[in-house]
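# Structural features, examined
As a plain string of letters, each chain reads:
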Amino acid sequence: MLTSADTTIKLSPDPPTLGSPAVSDQAKSFKVLLIEDNVIDAQLLRAALAANGKGPAEEPIFYLESASTLAGGLKRLAQKDIDVVLLDLSLPDSQGLETVAAARAQSPNVPIIVMTGLDDEAVAVSTLRQGAQDYLVKGHADRRTLIRAIRHAIERKRAQEALRESEEKFRSIVETTNEWIWSIDLRGELTYSNPAVRVILGYRPEELLGRCWALLMHESDRQLLLTRLAEAVIQKTGWSGLVMRWKHKNGTYRHLESNALPILDSNGNLLGYRGSDRDITEQEQAKQERRQLQLRLVTLQEEERHRLSRELHDQMGQSLAALMLGLKSMENADPSQHAGGLRLHHLHELANQLAQQVHTVAMDLRPTALDDLGLETALSNYLEEWSERSRIPADLHSAGLGERLPTHIETTVYRIVQEALTNVHKHSNARNVSVIVEFRDNRLQAIIEDNGSGFDTEALISAPVKDRRLGLLGMQERIALVGGSLNIESTPGFGTTLFVRIPASGSDQEAAHLCTSYASS
Ligand SMILES: Nc1ncnc2c1ncn2[C@@H]1O[C@H](COP(=O)(O)OP(=O)(O)OP(=O)(O)O)[C@@H](O)[C@H]1O
Ligand SMILES: [Mg+2]
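In what follows, the accompanying structure is described. Being a predicted model, the structure only gives us computed values, none of them experimental. (Residues numbered from 1 in each chain as written. Chains lettered and ligands numbered in written order. Predicted model: local features only at pLDDT ≥ 70, side-chain atom pairs only at ≥ 80, totals over all residues. Heavy atoms only, no water.)

### Let's talk about the packing of helix α1 (residues 39-49) against helix α5 (residues 143-176)
Between α1 and α5, whose axes approach to 8 Å, the crossing angle comes to 85 degrees. Between α1 and α5, the interaxial angle falls into the category roughly perpendicular. Contacts from L45, A48 and L49 in α1 reach R143, L146 and I150 in α5. Taken together, the residues of the contact of α1 with α5 sort by class into five nonpolar, no polar and one charged. (Axes fitted to C-alpha atoms, helices over the stretch in contact; angles between N-to-C directions. Helix = DSSP H or I, 4+ residues; strand = E, 2+ residues; numbered from the N terminus. Parallel < 35°, antiparallel > 145°, perpendicular 65-115°, else oblique. Contact = heavy atoms within 4.5 Å. Nonpolar A, V, L, I, M, F, W, Y, C, P; charged D, E, K, R; others polar.)

If you want it as structure tokens, here you go:
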């Protein structure tokens, strides 16, 4: 049999020197190493690759080198400047799949195109699994097929390399991040979990694979998850910022904030979800502690106001009443002393005014009616007094307030109305105010509406917190503490309406409990 010798065939006028870097980066030129012992096959290939001047001007130029044994080929490959290998599977020193394995081991980054005879095509297909990029049947590859195969092999190899690099980068991020990265199938079973879950939930990833996701969740949060999941599945969307409690292996609960995207196949069918969860347990605990602290402060403030109010009423109020009576009796006892009588009368009036002022301050601090008679009476008294003081007519419509509400709700609503009416008086020039307070469906709603000057709510909200006044901020805080919401509608020139909603159940009961426990502590 004729065998080809190890040669370098120059198929271009200016070939690069041996050992120079691979030429594929220069304009469309490739260094091809043909490892083939059959001289005729080698010549055919060489002829096919040689530029014949008939192709388009941008056709690539090939610098073909050949080796007749695997050992010779590997030696040449070791110089690391070959762009692509054309590899015969049966060489004098190696046969079949081993040949590919050896070439791959020598230069894993160089694409290999296997050259096969018609009868060993099945073996050639297996070489693809071994890492060969393509195979060509000898004698059936014309110039165009060969060029296309070489280009594709190089491009595919590069794409694979780029993908591998990016996957490696991605994996190193996924495996070192503190966030739990996971994927689930449509049954909710975990199909992937990164190692971070060990720190977050105490499990090794393998312990969780195939387990249903929802079972690790706090029972009270399961329904929320199932509802959100059902919505997401129908709409084929993901979710973001979903906070749920997960059971750690040690039995404690962790708060995780979850973000996820749907996994869709090429036809848009939903296959599952992929996402990441962040452990926010510490932040949640800090938030709750802050909330408890605020509740405690508000409760203490109310208690202090209560004490001051009673003191003003019981001590100062009594003393002033006694003073007034004394002055009155002196005034009546000696009416002949005209000048002195006038002075006494004046002093009596002054004491009267003082008593009124003390009463108003005491009422503002903590109206006894709020504790003794309930929200409706306390509001009604307050509105009457406020109207007299501000000279702005005010009506109160109330419904469902027959039963006493939890103290923290009554106090919150009272303080909100108080602050809202103070604002109306201070800022609005309103001609009328209406206050509606209703308790229905376990929810309290209050609406405070004036027909005054109104204001630009957007400008107020976007102002930095440090520049904002305390009234509206305080209202928001108070309402948030009892799990309620405040909406303000105001248009300059058209008045202002405040909408307050406070649920009297659920998370709020917790607040109520905290309030009562603090109040009684
Ligand atoms: N009913 C209203 N009508 C018109 N403007 C209002 C009304 N309520 C609030 N505002 C505007 O909103 C601003 C913020 O009100 P907020 O109660 O927060 O602060 P303040 O009343 O100015 O000061 P304070 O901290 O003493 O309450 C007011 O300065 C005023 O310009
Ligand atoms: Mg104010």
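### Quick notes on the coordination of the magnesium ion (ligand 2)
Looking at the metal site, the magnesium ion (ligand 2) is ligated by E419 (OE) and N423 (OD1), spaced 2.1 to 2.4 Å from it. Of this pair, E419 and N423 both sit in helix α13 (residues 407-428), four residues apart, which is roughly one turn of the helix. Looking at N423, the relative accessible area reads 17%, which means it is buried. (Donors = N, O, S within 2.8 Å, 3.2 Å for Na, K, Ca; no water. Buried < 20%, exposed > 50% of the residue type's maximum accessible area, 1.4 Å probe, protein only.)

### Observations concerning the sheet that holds strand β16 (residues 443-450)
Read across the open sheet, the five strands follow the order β14-β15-β16-β18-β17; overall the sheet is mixed. Each of the sheet's edge strands pairs with one partner strand only, and the pair in question is β14 (394-399) and β17 (485-490). Averaged over neighbouring strand pairs, the angle between their axes works out to 10 degrees when direction is ignored. Where strand β15 (residues 433-440) meets β16, eight bridges bridge the pair, whose relative direction is antiparallel. Within the sheet, the bridge partner assigned to F439 lies in β16 and is L444. Its contacts with the sheet put helix α12 (residues 375-390) on β14, β15 and β16, and the angle it makes with β14 is roughly 170 degrees. (Pairing = 2+ DSSP bridges.)

### Thoughts on the nonpolar core
Judged by nonpolar contacts, the single largest core of 35 residues is most densely connected at L375, L421, V437, L444 and I448. Elements with a minimum of two residues in this core: α11 (368-372), α12, α13, β15, β16, α15 (470-481) and β18 (496-503). Setting aside anything within four residues of it in sequence, one finds L421 in contact with Y382, L383, W386, V433, V435 and I448. Counting 24 residues, the second largest nonpolar core, distinct from the first, contains L190, L201, M217 and Y273. (Core = buried A, V, L, I, M, F, W, Y, C linked by side-chain atoms within 4.5 Å.)

### A look at helix α2 (residues 70-77)
With respect to burial, α2 is a largely interior element, six of its eight residues being buried. Within α2, burial applies to L70, G72, G73, L74, R76 and L77. Elements that come into contact with the buried residues of α2 comprise β2 (29-35), β3 (61-67), β4 (84-88), β5 (90-91), β6 (94-95) and α3 (97-106).

### Regarding the site of ligand 1
In the region of ligand 1, 16 residues are neighbours, and N423, H427, R469, L470 and L472 sit closest. Here a nitrogen atom of ligand 1 sits 3.0 Å away from a polar atom, N or O, in the side chain of D450. About the coverage of ligand 1: the protein hides 82% of its 600 Å² of free accessible area. Taken together, the elements giving at least two residues each to the shell around ligand 1 come down to α13 and α15. The element contributing the most residues to the shell around ligand 1 is α13, with six residues. Here the residues of the shell around ligand 1 sort into five nonpolar, seven polar and four charged. (Near = heavy atom within 4 Å. Polar contact = N/O pair within 3.5 Å; in protein donor to acceptor, adjacent residues only side chain to side chain. Areas by Shrake-Rupley, 256 points an atom, 1.4 Å probe, with all protein chains shown as cover.)

### What about the packing of α13 against α15?
Their axes nearest at 10 Å, the elements α13 and α15 cross at an angle of 165 degrees. Judged on the interaxial angle alone, α15 and α13 are roughly antiparallel. Crossing geometry of α13 relative to α15 is assigned as left-handed. Of the residues in α15, those touching α13 at T411, T412, R415, I416, E419, A420 and N423 are G471, L472, M475, R478 and I479. Split into classes, the residues belonging to the contact of α13 with α15 amount to five nonpolar, four polar and three charged. (Left-handed = near helix turned anticlockwise from the far one by under 90°.)

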